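# Breakdown of the fold
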Amino acid sequence: MKSLSALGIGMLMVAPAVLAWAGPVKAAWRERAVSHIVSHQVMPRSAELRGVSCRTNLTITVDGNGLVTRYDVAPRCSSDILARATDDLMLTLPQFPPPPQRKGGTAVLPISWPPTG
């Protein structure tokens, strides 16, 4: 798992917590979080020209305000271009919507290249 503070971003590392969100509330937040990611994804031109694609899962840990404190991509995209694009996305992605009850935790979100949605 990558810590954004270890990458020199200057954020605090927070240990992953178990999400205490109820089922429908968690599902609604996950849907908003995936929409947030898709709205900021830009398919690299070199990947378009090569016709590469990737489906992966992003495990993120957010604090109570929606700031990403850790993330992990598994499985990594087989395309180096899309693997770098995923890391670049996480470094430039604005704050997520605050989680339910402003309780931080960990969630697994799907990512597709090219972006869908």
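As a reminder, the structure under discussion sits directly above these lines.
Residues numbered from 1 in each chain as written. Predicted model: local features only at pLDDT ≥ 70, side-chain atom pairs only at ≥ 80, totals over all residues. Heavy atoms only, no water.

## Side note on the overall build of the chain
Convention followed: The secondary structure listing takes helices from DSSP runs of H or I that are at least 4 residues long and strands from runs of E that are at least 2 residues long, numbered from the N terminus. Buried means the residue's accessible area, taken with a 1.4 Å probe over protein chains only, is under 20% of the maximum for its type, while exposed means over 50%, and partly exposed covers the values in between. Note on contacts: a residue pair qualifies if any of its non-hydrogen atoms lie within 4.5 Å across the two residues.
Helices and strands together make up the secondary structure of the chain, namely three helices and four strands. Listed by position from the N terminus, the elements making up the chain come as β-α-α-β-β-α-β. Here the chain, with 117 residues, has 41% of them falling under the buried criterion. Taking the intrachain contacts of the chain between residues at least 6 apart in sequence as the baseline, contacts between residues at least 24 apart amount to 78%.

## Side note on the pattern of salt bridges
Which entries qualify depends on this criterion: Any Lys or Arg side-chain nitrogen located within 4 Å of an Asp or Glu carboxyl oxygen qualifies as a salt bridge.
A complete count under the given rule lists two salt bridges for this structure. The partner of glutamate 48 in a salt bridge is arginine 45, and the shortest N-O contact between them spans 3.2 Å. Remark: arginine 45 and glutamate 48 occur in helix 2 (residues 45–50); sequence separation between them is three residues, near one turn of the helix.

## A word on the nonpolar core
The condition that has to hold: Take the buried Ala, Val, Leu, Ile, Met, Phe, Trp, Tyr and Cys residues and link them wherever side-chain atoms come within 4.5 Å; each set so joined is a nonpolar core.
Formed by 25 residues in total, the largest nonpolar core has its most connected members in Ile37, Leu58, Ile60, Phe96 and Trp113. Of all the secondary-structure elements, those providing two or more residues to this core are helix 1 (23–40), strand 2 (54–62), strand 3 (68–74), helix 3 (80–92) and strand 4 (105–113). Considering each element in turn, this core owes the most residues, six residues, to helix 3.

## Digging into the packing of aromatic side chains
What counts here: Here is the rule: rings of Phe, Tyr and Trp (six-membered ring for Trp) pair when centre to centre is within 6.5 Å. Planes less than 30 degrees apart are stacked, more than 60 are edge-to-face, and the remainder are tilted.
As enumerated under the stated definition, the model contains one aromatic pair in all. Between tryptophan 29 and phenylalanine 96, the aromatic rings sit 6.2 Å apart at their centres with planes inclined by 40°, giving tilted as the arrangement. One end of the pair, tryptophan 29, is in helix 1; the other, phenylalanine 96, is in the loop between helix 3 and strand 4, with 67 residues separating them in the sequence. The exposure classification of tryptophan 29 matches that of phenylalanine 96, with both residues buried.

## Some remarks on the environment of alanine 33
Residue position: alanine 33 is located in helix 1. Residues alanine 33 and proline 97, spaced 64 residues apart in sequence, show a C-alpha to C-alpha distance of 7.0 Å.

## Thoughts on unusual backbone geometry
Cis peptide bonds are those with omega within 30 degrees of zero, and the linkage from alanine 74 to proline 75 qualifies with -5°. For glutamine 101, which is not glycine, the phi dihedral falls at a positive 55°.

## Considering helix 3
Helical geometry note: an α-helix holds 3.6 residues per turn, so side chains three or four residues apart project in the same direction. Spelled out, the test is: Any helix carries an expected span of 1.5 Å times its number of residues minus one.
Taking 1.5 Å per residue, 13 residues should reach 18 Å; helix 3 reaches 18 Å between its end C-alpha atoms and fits that length. When we look at burial in helix 3, the residues that qualify are Ile81, Leu82, Ala83, Ala85, Thr86, Asp87, Leu89 and Met90.

## So, the environment of threonine 92
Definition in use: We define a polar contact as two N or O atoms separated by no more than 3.5 Å, with the added condition that, inside protein, one atom must be a possible hydrogen donor and the other a possible acceptor, whereas residues neighbouring each other in sequence contribute only through side-chain atom pairs.
When you line up the elements, threonine 92 lands in helix 3. Along the primary structure threonine 92 and histidine 40 are separated by 52 residues, whereas in three dimensions their C-alpha atoms are 8.8 Å apart. Among the polar contacts made by the side chain of threonine 92, one reaches the main-chain carbonyl oxygen of aspartate 88 at a distance of 3.0 Å.

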